[in-house]
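Spelled out, the chains give:
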Amino acid sequence: MMTTVDYAPASGINGIEWDFVEVASQFMENFCSEPEWIDRLAGHHKTGEPMPKDMVDALVKSKKFMTGLATLRQLHFSKVDLALHSRFTPPVSSDDPTVFDQDAEIAQQTL
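Its UniProt record gives the protein a comment under Sequence similarities (unreviewed entry), which states: "Belongs to the peptidase M3 family."

And the structure:
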């Protein structure tokens, strides 16, 4: 975005498998929630003092907050995707179930 390149198809994230694009951010997200690395990387901007232990503990604990719900959300997406691609037929009349009906039915199991 901030450069000019001769071969645009080879710039940025072009040419990279989409399931790999998030690797760097996921790595840093996980890496930076380890207390020993927080101690090495974080400090007071004026004094250089390390982050207080209770603040580090709260930061690490917050990463785990509601992870079960996030997992259920992904399971919901997966189940809807599988249902739509394996057994769903588009409605031909107003009485037939729609994509939204399928989603709502699966939501009863996952949300």
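Read on for the rest.
**Topic: the side chain of serine 33**
Residue placement: serine 33 occurs in the loop between helix H1 (23-31) and helix H2 (35-41). When near neighbours in sequence (up to four residues on either side) are disregarded, serine 33 contacts Ile38, Val60 and Lys63.

**Examining the pattern of salt bridges**
Under the counting rule described, the total for this entry stands at one salt bridge. Lysine 53 serves as the salt-bridge partner of aspartate 57, at 3.0 Å between the closest nitrogen and oxygen. Placement of both aspartate 57 and lysine 53 in helix H3 (residues 53-64) is noted, with a separation of four residues, approximately one turn of the helix. We classify aspartate 57 as partly exposed; its relative accessible area is 38%.

Conventions adopted
- Residues numbered from 1 in each chain as written.
- Predicted model: local features only at pLDDT ≥ 70, side-chain atom pairs only at ≥ 80, totals over all residues.
- Heavy atoms only, no water.
- UniProt positions renumbered as here; feature names shortened; annotations may be inferred.
- Helix = DSSP H or I, 4+ residues; strand = E, 2+ residues; numbered from the N terminus.
- Contact = heavy atoms within 4.5 Å.
- Salt bridge = Lys/Arg side-chain N within 4 Å of Asp/Glu carboxyl O.
- Buried < 20%, exposed > 50% of the residue type's maximum accessible area, 1.4 Å probe, protein only.

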